[in-house]
Amino acid sequence: MVRIIVAVVLAAGLFLLNVVLLRLNKKTPVPEGCENLTPDCSACGMKDCAMRGTYEKKKEAENGNC
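Thresholds, definitions, all that
- Residues numbered from 1 in each chain as written.
- Predicted model: local features only at pLDDT ≥ 70, side-chain atom pairs only at ≥ 80, totals over all residues.
- Heavy atoms only, no water.
- Helix = DSSP H or I, 4+ residues; strand = E, 2+ residues; numbered from the N terminus.
- Expected span 1.5 Å × (residues − 1).
- Buried < 20%, exposed > 50% of the residue type's maximum accessible area, 1.4 Å probe, protein only.
- Patch = residues over 30% accessible without salt bridge, like charges linked within 9 Å, V, L, I, M, F, W, Y side chains within 5 Å.
- Areas by Shrake-Rupley, 256 points an atom, 1.4 Å probe, with all protein chains shown as cover.
- Salt bridge = Lys/Arg side-chain N within 4 Å of Asp/Glu carboxyl O.

Undergrad: Could you clarify how one ought to interpret helix α2 (residues 50–63) in this entry?
TA: An α-helical segment advances 3.6 residues per turn. Residues three or four places apart therefore align on the same side. In this model, α2 (14 residues) spans 20 Å end to end at C-alpha, consistent with the 20 Å of a helix rising 1.5 Å per residue. Buried residues are scarce in α2, accounting for one of its 14 residues.

Below is the structure:
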């Protein structure tokens, strides 16, 4: 019975810690220089990267290329 109580208290404590840390993280300001992060896909050699495909489609739409 004591093990169950310890497990419940531990799980509740971890849950509360997670909630507190998430709230503190939301209050933390974004560091300078990290406001607008866009991928630089010309530097990456991975052809099957999901970010690269999205970035290239967006870039083509901005340039008017079909």
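Now that the structure has been shown, we can carry on.
Undergrad: What is the right way to read a nonpolar patch on the surface from this model?
TA: Together, Leu10, Leu14, Leu17, Val20, Leu21 and Leu24 make up a nonpolar patch on the protein surface, roughly 580 Å² of accessible area in all. Mapping Leu24 onto the fold places it in helix α1 (residues 2–27).

Undergrad: I keep staring at α1 and nothing clicks. Help me out?
TA: Helix length check: α1, at 26 residues, gives a terminal C-alpha distance of 38 Å against a target of 38 Å (1.5 Å per residue), a fit within 8%. With zero of 26 residues buried, α1 is to be regarded as a mostly surface element.

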